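Chain residues, written in single-letter form:
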Amino acid sequence: MEFHNNAKKAFLKSHDSKLKVRPVPEGDSSEQVVLSALASNTEPDVFANVFPGFAAQLQENGAAKDLYEIDGVKSFLTDRCGKTILKRYEAPDGGLYQAPWKANPVLFQYNDTVLKKAGYKNSDEYPTTLSGLLEAGKKIVGDGNAKVLWDRAPKPTWYERWFDFLPLYLAASEGEKSMFSQKGDTVKPAFNNKTAKTILQFFQDLYSADLAPTQGSEKPKFPHNEAVINSGGPWVIPYFEGVNKDVSMSHMNPPVPDGTTQNSHTYADPKNTSIFASAKQPNQAWKFVSFEQQSKWDTKFLKKTLQLPLRKNLVSSASSFFEKNPNIKPYAQALETSHPPAYTPDYTKIMNVFGEQCFVPVALGKKPPQKGLDDAENGINQALNV
């Protein structure tokens, strides 16, 4: 909110406009709050917390404006984001219902204190393959230097895959594999492949070796030096430092299967900006959206939020920030190889099916990986009436 309010003050100095900035009212989720507002015709002109699945839902309901219909949008965003990033956030019809705004590429945090205690001299020695992690985890936990390898319980909820399965799947395929294929309005599962099977086998091995908890806990183990690794975006830095000011961690790309070169392909965790179709002055609304997305605001945004503007060449354009905040730099380096979730209004539904019928039962050893993939594919096809 502070960032938007500061941008508002600067904007009104040079624009004769009326502008109100306010937080999303409390509710079960920001998406539910917006849907309720749309149902009662009380929605704002702009909403700046849109993930791609929700953008698809807004488009399907005719609630979001195609931003490409506004003069100058495509050229502005192509210049700021680059063609590669921008293309990832376009709709299948070629329109754009969400302006790329911010992302939090999911990387892996390695606990330096635990690993040093276990005999590792520096981060260059840390295990970066899935098999290497399992082997190291068994020794580290077995020797009593940590309670778990990864403090992550298997939960079916749709967004949980953003922080376990998806980063590993994207890195394992070097960004070549998607979970779903999309042609026009038709979405089909595309995850029933060897890469997914390898990642699922890793999770089954992880839990069968008692290297991760099967139930969630209130107390996070990583900042208390009781877990070897964690996964998350740059927000974990202030969170873990708030738990333990002496926590020490290295921020690294996702581990990969044997034979795969480690790379920065991962899940993006994006939140974007939509202008509602009901906006009476969409061009004016865009003027403010584009104003606070100018390059001069990038460093201000980074300082206020530790979240990354979805922009090309961010490492060089905000180099002064990353020199002072080297722990954030690996996330910025992964920004252009970070991938959004599938663009479908059914995203939460189909990812819940994947969690319930595949990920959780496979991780807990109740199904072999191939059976889980087959069941999830069939369940999702039924949910989508494919």
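Preceding this section is the structure that the text describes.
This structure is a prediction, so every number in the text was calculated from the model and none was measured. (Residues numbered from 1 in each chain as written. Predicted model: local features only at pLDDT ≥ 70, side-chain atom pairs only at ≥ 80, totals over all residues. Heavy atoms only, no water.)

Trainee: How should a positive patch on the surface be read in this particular structure?
Mentor: Taken together, the side chains of Lys296, Lys300, Lys303 and Lys324 present a region of like positive charge at the surface. With respect to the element layout, Lys324 can be found in helix α14 (residues 319-324). When its relative accessible area of 69% is taken as the criterion, Lys324 is described as exposed. (Patch = residues over 30% accessible without salt bridge, like charges linked within 9 Å, V, L, I, M, F, W, Y side chains within 5 Å. Areas by Shrake-Rupley, 256 points an atom, 1.4 Å probe, with all protein chains shown as cover. Salt bridge = Lys/Arg side-chain N within 4 Å of Asp/Glu carboxyl O. Lys, Arg positive; Asp, Glu negative; His and termini not counted. Charge placed at Lys NZ, Arg CZ, Asp CG, Glu CD. Helix = DSSP H or I, 4+ residues; strand = E, 2+ residues; numbered from the N terminus. Buried < 20%, exposed > 50% of the residue type's maximum accessible area, 1.4 Å probe, protein only.)

Trainee: How should I be thinking about the pairing of strand β7 (residues 227-232) in this particular structure?
Mentor: In regular strands, side chains alternate between the two faces of the sheet. The element β7 is largely enclosed, with a buried count of six among its six residues. Here strand β3 (residues 107-111) pairs with β7 via four bridges, running antiparallel. By the bridge assignment, Gln109 is partnered in β7 with Asn230. As paired strands, strand β4 (residues 148-150) and β7 are joined by two bridges and run parallel to one another. Within β7, the position partnered with Val148 by the bridge is Ala227. (Pairing = 2+ DSSP bridges.)

Trainee: What should I look at first to understand the sheet that holds β4 in this one?
Mentor: Each strand in a sheet pairs with its neighbour through backbone hydrogen bonds, running either in the same direction (parallel) or in the opposite one (antiparallel). Within the open sheet, the four strands sit side by side as β4-β7-β3-β8. Their pairing is mixed. If you trace the sheet from one side to the other, it starts and ends with β4 and β8 (249-252), each paired once. For this sheet, the mean inter-axis angle between neighbouring strands, taken without regard to orientation, is 25 degrees. Sheet contacts for helix α7 (residues 130-142): β3, β4 and β7; angle to β4, the most-contacted strand, approximately 150 degrees. (Axes fitted to C-alpha atoms, helices over the stretch in contact; angles between N-to-C directions. Contact = heavy atoms within 4.5 Å.)

Trainee: Whenever I open this one, the pairing of strand β2 (residues 99-103) confuses me. Can you help?
Mentor: In terms of burial, β2 is a largely internal element, five of the five residues being buried. Two strands pair when backbone bridges link them, and β2 and strand β10 (residues 271-275) are joined in this way by two bridges, in the antiparallel orientation. Each bridged residue has a counterpart across the sheet, and for Lys102 the counterpart in β10 is Lys271. Where β2 lies against strand β11 (residues 308-309), two bridges are found, and the strand directions are antiparallel. Residue pairing in the sheet places Lys102 in a bridge with Pro309 of β11.

Trainee: Is there a simple way to explain the sheet that holds strand β1 (residues 46-50) in this structure?
Mentor: Here we have four strands laid out as an open sheet, ordered β1-β10-β2-β11, and antiparallel in their pairing. Sheet topology places β1 and β11 at the edges, where each strand pairs with a single neighbour. Contacting β1, β2 and β10, helix α11 (residues 282-291) runs over the sheet at an angle of about 155 degrees to β10.

Trainee: Quick question: what am I supposed to make of the environment of Asp143 here?
Mentor: Along the chain, Asp143 falls in the loop between α7 and β4. When its relative accessible area of 48% is taken as the criterion, Asp143 is described as partly exposed. Taking the C-alpha atoms as reference points, Asp143 and Ala118, separated by 25 residues in sequence, lie 8.2 Å from one another.

Trainee: Please explain the packing of helix α8 (residues 165-172) against helix α9 (residues 194-208) as it appears in this structure.
Mentor: Helix packing for two helices is described by the angle between their axes and how far apart those axes are. Where α8 meets α9, the axes come as close as 9 Å, and the angle between the chain directions of the two elements is 135 degrees. Classified by the angle between their axes, α8 and α9 sit oblique to one another. Relative to α9, α8 is oriented so that their crossing is right-handed. Where α8 approaches α9, its residues Phe165, Leu168, Tyr169 and Ala172 are matched on the opposing element by Thr195, Ala196, Ile199, Leu200, Phe202 and Phe203. Classifying every residue of the contact of α8 with α9 gives nine nonpolar, one polar and no charged. (Parallel < 35°, antiparallel > 145°, perpendicular 65-115°, else oblique. Left-handed = near helix turned anticlockwise from the far one by under 90°. Nonpolar A, V, L, I, M, F, W, Y, C, P; charged D, E, K, R; others polar.)

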